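Chains, contacts and geometry: an overview
Chain residues, written in single-letter form:
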Amino acid sequence: MEDKLKIGFFASGGGSNVEAILKNINMGEVPAEAKFIISNNSQAGVAEKAEKYGVPFHHISSKTHPEPEALAFEMIDLIEAYDVELIVLAGYIKKLPDEVIEHMKGKVINIHPSLLPKFGGQGMYGMNVHRAVVEAGETMTGCTVHQVSDEYDEGRILGRCRTMIEPGDSAETVAQKVLRCEHELYSIVIGQIAKGQLKIA
Ligand code: GRF
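We now turn to the structure provided with this report. Here the structure is a predicted model, which means the values were calculated and not measured. (Residues numbered from 1 in each chain as written. Predicted model: local features only at pLDDT ≥ 70, side-chain atom pairs only at ≥ 80, totals over all residues. Heavy atoms only, no water.)

Before going further, it helps to spend a moment on the overall build of the protein. Each helix and strand counted, the protein has six helices and seven strands in total. The C-alpha atoms of the protein give 16 Å as radius of gyration, which agrees with the globular expectation for 201 residues (17 Å, within 12%). With respect to the three principal axes, the spread of C-alpha positions in the protein is 50 × 45 × 30 Å. Here the protein, with 201 residues, has 50% of them falling under the buried criterion. Counting contacts in the protein only where the partners sit at least 6 residues apart, residues at least 24 apart contribute 64% of the total. Looking at the protein as shown, the accessible area adds up to about 10200 Å², and 49% of this sits on carbon and sulfur atoms. (Helix = DSSP H or I, 4+ residues; strand = E, 2+ residues; numbered from the N terminus. Rg over C-alpha atoms; globule rule 2.2 N^0.38 Å. Buried < 20%, exposed > 50% of the residue type's maximum accessible area, 1.4 Å probe, protein only. Contact = heavy atoms within 4.5 Å. Areas by Shrake-Rupley, 256 points an atom, 1.4 Å probe, with all protein chains shown as cover.)

So, about the layout of surface pockets. Empty space among the atoms becomes apparent when a probe as large as a water molecule is rolled across them. By volume, the largest pocket is sized at about 910 Å³. When residues of the lining of the largest pocket are traced back to their parent elements, those giving at least two are helix H1 (16-26), strand E5 (108-112) and helix H6 (171-194). Each residue belonging to the lining of the largest pocket can be placed in one class, and the counts come to 14 nonpolar, 15 polar and six charged. Taken as a whole, the second largest pocket encloses approximately 280 Å³ of empty space. (1 Å grid on protein atoms, 1.4 Å probe; cavity = no way out; pocket = protein on both sides within 12 Å on 5 of 7 lines; lining within 4 Å. Points joined across faces, edges and corners; volume = space filled by probe spheres on them. Nonpolar A, V, L, I, M, F, W, Y, C, P; charged D, E, K, R; others polar.)

In terms of nonpolar packing, the biggest core is built from 40 residues, with Ile7, Leu86, Val88, Ile109, Tyr186 and Ile190 touching the most fellow members. One finds Phe36, Leu71, Ile79 and Val108 within the second-largest nonpolar core, a separate group that totals 19 residues. (Core = buried A, V, L, I, M, F, W, Y, C linked by side-chain atoms within 4.5 Å.)

Around the ligand, the neighbouring residues are Gly13, Gly14, Gly15, Ser16, Asn17, Gly91, Ile111, Pro113 and Glu182. Here an oxygen atom of the ligand and a backbone polar atom of Asn17 are 2.8 Å apart. Between the ligand and Glu182 there is a distance of 2.7 Å, counted from an oxygen atom to a side-chain nitrogen or oxygen. Burial of the ligand by the surrounding chains reaches 78%, relative to a free accessible area of 370 Å². If you map the ligand onto the pockets, it falls in the largest pocket. Class assignment of the residues belonging to the shell around the ligand gives a composition of two nonpolar, six polar and one charged. (Near = heavy atom within 4 Å. Polar contact = N/O pair within 3.5 Å; in protein donor to acceptor, adjacent residues only side chain to side chain. Sits in = over half its atoms within 2 Å of the grid points.)

One pass over the full model with this rule turns up three aromatic pairs. Ring centres 5.4 Å apart and planes at 65 degrees place the aromatic pair Phe36 and Tyr82 in the edge-to-face group. Highlighted residues: Phe36 in strand E2 (residues 32-39) and Tyr82 in the loop between helix H3 (68-81) and strand E4 (86-89), separated in sequence by 46 residues. Residue classification places Phe36 among the buried residues on the basis of a relative accessible area of 0%. In this structure Tyr82 comes out as partly exposed when scored by relative accessible area, which is 22%. Aromatic rings pair up to connect Phe10, Phe36, Tyr82 and Tyr92 into one cluster. (Phe/Tyr/Trp six-rings, centres within 6.5 Å; stacked < 30°, edge-to-face > 60°.)

The geometry of H1 relative to H6 is characterised by a closest axis approach of 9 Å and an angle of 45 degrees between their N-to-C directions. Here H1 lies oblique to H6, going by the angle between them. In the packing of H1 onto H6, the handedness of the crossing is right-handed. Contact residues: Ser16, Asn17, Ala20, Ile21 and Asn24 in H1; Leu179, Glu182, His183, Tyr186, Ser187 and Ile190 in H6. (Axes fitted to C-alpha atoms, helices over the stretch in contact; angles between N-to-C directions. Parallel < 35°, antiparallel > 145°, perpendicular 65-115°, else oblique. Left-handed = near helix turned anticlockwise from the far one by under 90°.)

Turning next to empty space enclosed by the protein. Following the criterion strictly, the structure yields one cavity of 30 Å³ or more and no others. Considered as a void within the structure, the largest cavity measures approximately 30 Å³ in volume. Residue composition of the lining of the largest cavity, by class: four nonpolar, two polar and two charged.

In this section: helix H5 (residues 127-135). Of the residues making up H5, those classed as buried are Val129, His130, Ala132 and Val133. Looking straight down H5, one finds its buried side chains confined to an arc of 160 degrees; they lie on one side. Directly beyond the C-terminal end of H5, a positive phi value near 70 degrees is found at Gly137. (Arc of directions from axis to C-beta.)

This is the structure:
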């Protein structure tokens, strides 16, 4: 039997990306196993997804761990306890502690809702990105999966998915189009890593 890649999610929001990946895992499309979902927000919609799919949920934030070092160590403890091999950031709004990135030796990936390097960097998240894209008069946008380094939205690009911007599109309609791309692309990239087709070490 094929070995399954043990993944751990970090998410802060509704968790539609997490859900899309969990569905693809359950359908046998991605040879991976979801070990945990960590969130900085105990009330985030992703907590319900964790329950729905039976994935252990852990709330870790400055409320639970006021000391940044203790917070990083708690994350590393969980990563070790669950033997996680790949960290998947899916709408995680906090910066992952450098200690965690170092511990994972590059095996941390993120999805960004633009065609990086365009519309990336600090402050570029959520609707800010889509508004900037529409204001710039772009005719195409999309999403990017990249390896996480210690700089915002930098690191090696692992995959991109494009979508057209039509006349009359607003930041809101662009956001919907991009989210559909995200739901397809993230599972594809994780599947490639899980099958050893894409090396990220
Ligand atoms: C997505 O737009 C993703 O690109 C960004 O945060 C959003 C997460 O949405 N990083 P969801 O929580 O997966 O629904």
